Amino acid sequence: MPVNTVIAGGTVVTADDIFEASVAIDNEEIVAVGSRESLPEAEEEIDASGKYVMPGLMDAQTHVHDRSSIDTHETAGKAAAAGGITTYMDFSWMYVDHQPHKSPQSLMEGIRAKQEKAEGKAVVDYALHGGITDDQEGVLDELEDAHEAGVTSFKMFTGGTFPVGYGLINLVMERLGELGGVGVFHTEEADVCDRLLERLKAEGKGEPKYFADSRPDYAEAMAADTVIRSAQAHDAKYFGIHTTSRAAAEVIEGYRDDGSLVRGETCTHYLIYDKSEFDRRGNLVKIAPPLREADDVEAMYEHLEDGTLDLISTDHCSYPRTEKEDVENFWESTSGANQLQTSVPVFYDEAVNKRGYSPTFLVEKMSRGIADTYGMPNKGTLDPGTDADIVVFDPEETYEIDPADNFSKADFSVYESREVTGKVKKTFVRGELVYDDGEIHVDPGYGDFVAREVPNWSDKSE
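To keep things clear, this report deals only with the structure shown in the data block. (Residues numbered from 1 in each chain as written. Predicted model: local features only at pLDDT ≥ 70, side-chain atom pairs only at ≥ 80, totals over all residues. Heavy atoms only, no water.)

### Some points on the side chain of Ser106
When you line up the elements, Ser106 lands in the loop between strand E7 (85-92) and helix H2 (107-118). At 3.3 Å, the side chain of Ser106 and the side chain of Glu142 are in polar contact. Excluding anything up to four places from it in sequence, Ser106 contacts Met94 and Glu142. (Helix = DSSP H or I, 4+ residues; strand = E, 2+ residues; numbered from the N terminus. Polar contact = N/O pair within 3.5 Å; in protein donor to acceptor, adjacent residues only side chain to side chain. Contact = heavy atoms within 4.5 Å.)

If you want it as structure tokens, here you go:
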């Protein structure tokens, strides 16, 4: 009996290996990987000659349909599909729409509200982090319910608009140590950053380049150290999102002898740009935490290599250009940039073509590592029996990034006019072709919510 689809004649790239093979798909799952002759007949055969065939890539940090994004799950999902992202992780919040002027809701109400926004809209699969953004101890009683609902990671801010105190963080980490979930942290020392910002305002230093001075690397490192100490006291899993600096990465590295309980990531933009980009693009590259020094860019690669940093995400936010640029001072501009559609090709071009990394490095940091870190065993590989999330990627095609091609509602790209070599050609989610060379092939609502397990973090110190 024939299977649904065979992707034939391509070069398979996993997190561990590169080899010539074909991939058979049936009933939303991968059923076999091997020579074409060894695989069954198929209702449809797709020629992948000259192309890479990779596990669906993932994004562990995106903002969709809230104060940080004008994208809906439909537009974000289309951008993701065009960028080879088959599963992204969004945030639910304790303030309605993540708006500080609205009343807080419970953790579970926030989770349900975000799922309702995705219902009938999602184009690719998505998962949720729970956002603990209101300093109320009642959240401790909801953590088990969230785990049962498939939300097993929880973001907290130590600074910015929605900081929670170290006292609540400590209690949350105590409970997560019991439940096995992951504490996910935006670490910047609030008082340090707030006072520096006030001084810059008083001095009239509103040019975009001063944003980096308002949120220095040592403030990031200070907060990371404080929270990791709390996590370790309770044998809880700590994950540091969007690490930007050598200083913060070295804090994480210093605790990695703990092995299984401390992990971190960086983002594509911190691997591409340093803070000199403010001189060229102004507030378009205002992203929190800020772009750092050229040495910090190199530090991100060093720590991805040595395992201090496990993942690469985008921190995708979607705004119109006017909200970024039509301001007098940097503190009036929105923070963040859309990257779901561009992250994979931009990182591939920089890391593989320019720096000589293997394509397996991309798959490890942008697919398997994410699935492993966040408890999604059916994602991130091409193993038989797992979800048939697959990307067909042309490593030779060269093109220029143009925001006119955005599926996102955002009308700009921080990579505008950048020429890259390597392009996503086809994206499959659970065996269904959702994107094919510029066109979306599924209706909104095809994407599913991914209920995650409590992850088992292996000891990477050995």
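Having seen the model, we can carry on.
### Examining the pairing of strand E11 (residues 237-240)
Neither face of E11 is open: one carries Lys237 and Phe239, the other Tyr238 and Gly240, and all of them are buried. Bridging between strand E10 (residues 182-186) and E11 involves four bridges; their strand directions are parallel. Its bridge partner being in E11, Val182 is matched across the sheet by Lys237. One ladder, built from three bridges, connects E11 with strand E12 (residues 262-267); its direction is parallel. Bridging from a neighbouring strand, Tyr238 pairs with Val262 of E12. (Buried < 20%, exposed > 50% of the residue type's maximum accessible area, 1.4 Å probe, protein only. Pairing = 2+ DSSP bridges.)

### Focus: the packing of helix H7 (residues 217-233) against helix H8 (residues 246-254)
Following both chains from N to C, one finds H7 and H8 inclined at 20°, their axes separated by 7 Å at the closest point. In terms of their interaxial angle, H7 and H8 are classed as roughly parallel. In terms of crossing hand, the pair formed by H7 and H8 is right-handed. Note on element contacts: H8 touches H7 through Ala247, Ala248, Val251 and Ile252, opposite Asp217, Glu220, Ala221, Ala224, Asp225 and Ile228. Residue composition of the contact of H7 with H8, grouped by class: seven nonpolar, no polar and three charged. (Axes fitted to C-alpha atoms, helices over the stretch in contact; angles between N-to-C directions. Parallel < 35°, antiparallel > 145°, perpendicular 65-115°, else oblique. Left-handed = near helix turned anticlockwise from the far one by under 90°. Nonpolar A, V, L, I, M, F, W, Y, C, P; charged D, E, K, R; others polar.)

### Describing the sheet that holds E10
Read from one edge to the other, the open sheet built from eight strands follows the order E6-E7-E8-E9-E10-E11-E12-E13, with strand pairing classed as parallel. The two strands at the open ends of the sheet, each matched to only one other strand, are strand E6 (57-59) and strand E13 (311-313). Strand-to-strand twist in this sheet, taken as the mean axis angle between neighbours without regard to direction, amounts to 30°. Lying over the sheet, H2 contacts E7, strand E8 (125-131) and strand E9 (153-157), oriented at roughly 155° with respect to E8.

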